[in-house]
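Topology and contacts: notes
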Protein chains: 2
Amino acid sequence: MAQVTRVPLAEQAADLLLDRIREGEWPLGSKLPGESTLGPQLGVGRSTVREAIRRLAGQGVLSTRQGAGVFVDALDIVEDWGVALRKADINSVIEARIAVEVEAAALAAERRSPVELRAIRHAAAERDSQRTEIDAHVDADIAFHRAVVTASHNPLIVDLFDSFTPRSRQAMIELLRLRGTLGSDVDQHAHTAILEAIADHDGQTASALARTHLLTLKME
Amino acid sequence: MAQVTRVPLAEQAADLLLDRIREGEWPLGSKLPGESTLGPQLGVGRSTVREAIRRLAGQGVLSTRQGAGVFVDALDIVEDWGVALRKADINSVIEARIAVEVEAAALAAERRSPVELRAIRHAAAERDSQRTEIDAHVDADIAFHRAVVTASHNPLIVDLFDSFTPRSRQAMIELLRLRGTLGSDVDQHAHTAILEAIADHDGQTASALARTHLLTLKME
DNA sequence: TCTGCACAACTTCTCAGACAAGTAGCGCGG
DNA sequence: CCGCGCTACTTGTCTGAGAAGTTGTGCAGA
């Protein structure tokens, strides 16, 4: 069996168009054939062609001008983080998270304000109370980690963390579903320990704890 | 006059939806109202709503499943790193570099192949010989750091490093111009020490050295 | 009471046709 | 040679229809 999920025609059409653009059929800046020409050529209706074009427009490959036509803006999808991350091996993502969050924990311990500390404490409590549903638990976990990262007072590091979130959220949900366990006491204790280290302005302990905690997510 | 070019309804609708997603009206992972509900709500037809959704799908914000609905994949368009980095404070960038490179040094010490070690060694020698011109020296320095990061065998971390490069290159050139000094012996020795730790598979030393080295770049 | 299956309601997907709105090139008149 | 208007072509938008997929509900049976 090739596929379980049916791929919509609009997506197939978008992929086909992108292939032909990559092959150089339409150079950068050139005009594509009209929607009404492209439709029969791809074997789909006009509105389906339009949706395919819209999708590629969203990816920055095409742009449209009413009355003029559809034009090639880029010869390939701009390799943004979303795509790079979706393709990335989950262990690579976790290693990157370790890099970012270990440092963030140390910075947070140095710089956290009382308000931020309270936010972290609140997130930890929230995480403890969400131990029945997987989705809710993962989201509460992410909220805790994000609270820590926010307290690092480094917007770039927060951006990095946020860019990892979608991919690592999905992976964590899969992991928990596989393991069957959910929010063990050991796990919860690890978070409390990180919280306390940050409260004590103890950066070294905070980062060490963050490291060992994140390492447990890694699959071998 | 507000605008010369007419903005298609589909794009306006996409912007409106994105705004409402940003405001948290629909949380991450939640389902949007149906197309036939959204249409009248936004004051546009159903096909226009569909095109707006397609556009946001292309940007990675939404995803659709036939029969199920439209779901929120991300709370925002993945911000262009070029823009985010240009706006970022240079110390924030250095802190992010510390996070990434300290971890990368440890991984490189574990995983570096003989070929990669030779590449790092070569980059270090090259760096030592480029001590007259600022630009050439900075580029040689970056090449050394990149060789180390490459040896971490984590493509995501390499991508992160590369995204920092333009911004930190510019900052380093400014810094060296200000200081007047260029590639001191102390500085060169720090790089050799990192190299040797990686050669010895000593991750802890490698990352500690990388940290202290990068901290010297920080301005107070 | 619990299990399993059929069904109904809802969703997206796709097409076709119609008309509106904008663009660009062509030809004609000056 | 210039400029104007017209025409053919393009994308933009709406509507209606039916196909295909998903999800929860309720009923029948154990």
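For the structure given in this document, a descriptive report is provided here. Predicted model, so just to flag it, every value in this text is computed and none were measured.

Tracing the backbone shows Ser 92 of chain B in helix α5 (residues 90-111). Taking the C-alpha atoms as reference points, Ser 92 of chain B and Lys 218 of chain B, separated by 126 residues in sequence, lie 9.3 Å from one another. Ignoring anything within four residues of it in the chain, the contact list for Ser 92 of chain B reads Asn 154, Pro 155 and Leu 156 of chain A.

Taken together, the contact pairs 35 residues of chain B with 34 residues of chain A. For the side of chain B that touches chain A, the secondary structure elements donating two or more residues are α3 (46-58), α4 (81-87), α5 and α8 (155-179) of chain B. Among the elements that make up the side of chain B that touches chain A, the one with the highest residue count is α5 of chain B (9 residues).

What follows concerns the protein's contact with DNA strand D. Around DNA strand D lies a shell of 23 residues, among which Gly 34 of chain A together with Leu 9, Gly 45, Thr 48 and Gly 67 of chain B are the nearest. Elements supplying a minimum of two residues to the surface near DNA strand D: α2 (35-42), α3 (46-58) and β2 (69-72) of chain A together with α1 (9-22) and α3 of chain B. When residues in the surface near DNA strand D are grouped by element, the largest group, 3 residues, is from α3 of chain B. Among the residues making up the surface near DNA strand D, the classes are represented as 6 nonpolar, 12 polar and 5 charged.

Our next topic: the protein's contact with DNA strand C. Lining the immediate environment of DNA strand C, one finds 22 residues, of which Leu 9, Gly 45, Thr 48 and Gly 67 of chain A together with Gly 34 of chain B sit closest. For the surface near DNA strand C, the secondary-structure elements that each account for two or more residues are α1 (9-22) and α3 of chain A together with α2 (35-42), α3 and β2 (69-72) of chain B. Here the residues of the surface near DNA strand C are counted per class, giving 6 nonpolar, 12 polar and 4 charged.

Rules of the game
- The residue numbering used here restarts from 1 in each chain and proceeds along that chain's sequence as written.
- Each chain gets a letter, beginning with A, and each ligand a number, beginning with 1, in the order they are written.
- The predicted origin of the model limits local features to residues at a pLDDT of at least 70 and limits the giving and counting of side-chain atom pairs to 80 or more, whereas totals for whole chains, interfaces and linings rest on all residues.
- Working definition: helices are DSSP H or I runs of at least four residues, strands are E runs of at least two. Numbering for both runs from the N terminus.
- Here the contact rule is simple: place C-beta atoms from the backbone, and any two residues whose C-beta atoms are within 7 Å are in contact.
- For each residue, a C-beta atom is placed from the backbone, and the residue counts as near a molecule or strand when that atom lies within 6 Å of it.
- In this count, Pro and Cys sit with the nonpolar residues alongside Ala, Val, Leu, Ile, Met, Phe, Trp and Tyr, while Asp, Glu, Lys and Arg are called charged and the others, Gly among them, polar.

What is shown is where atoms sit, not what they do.
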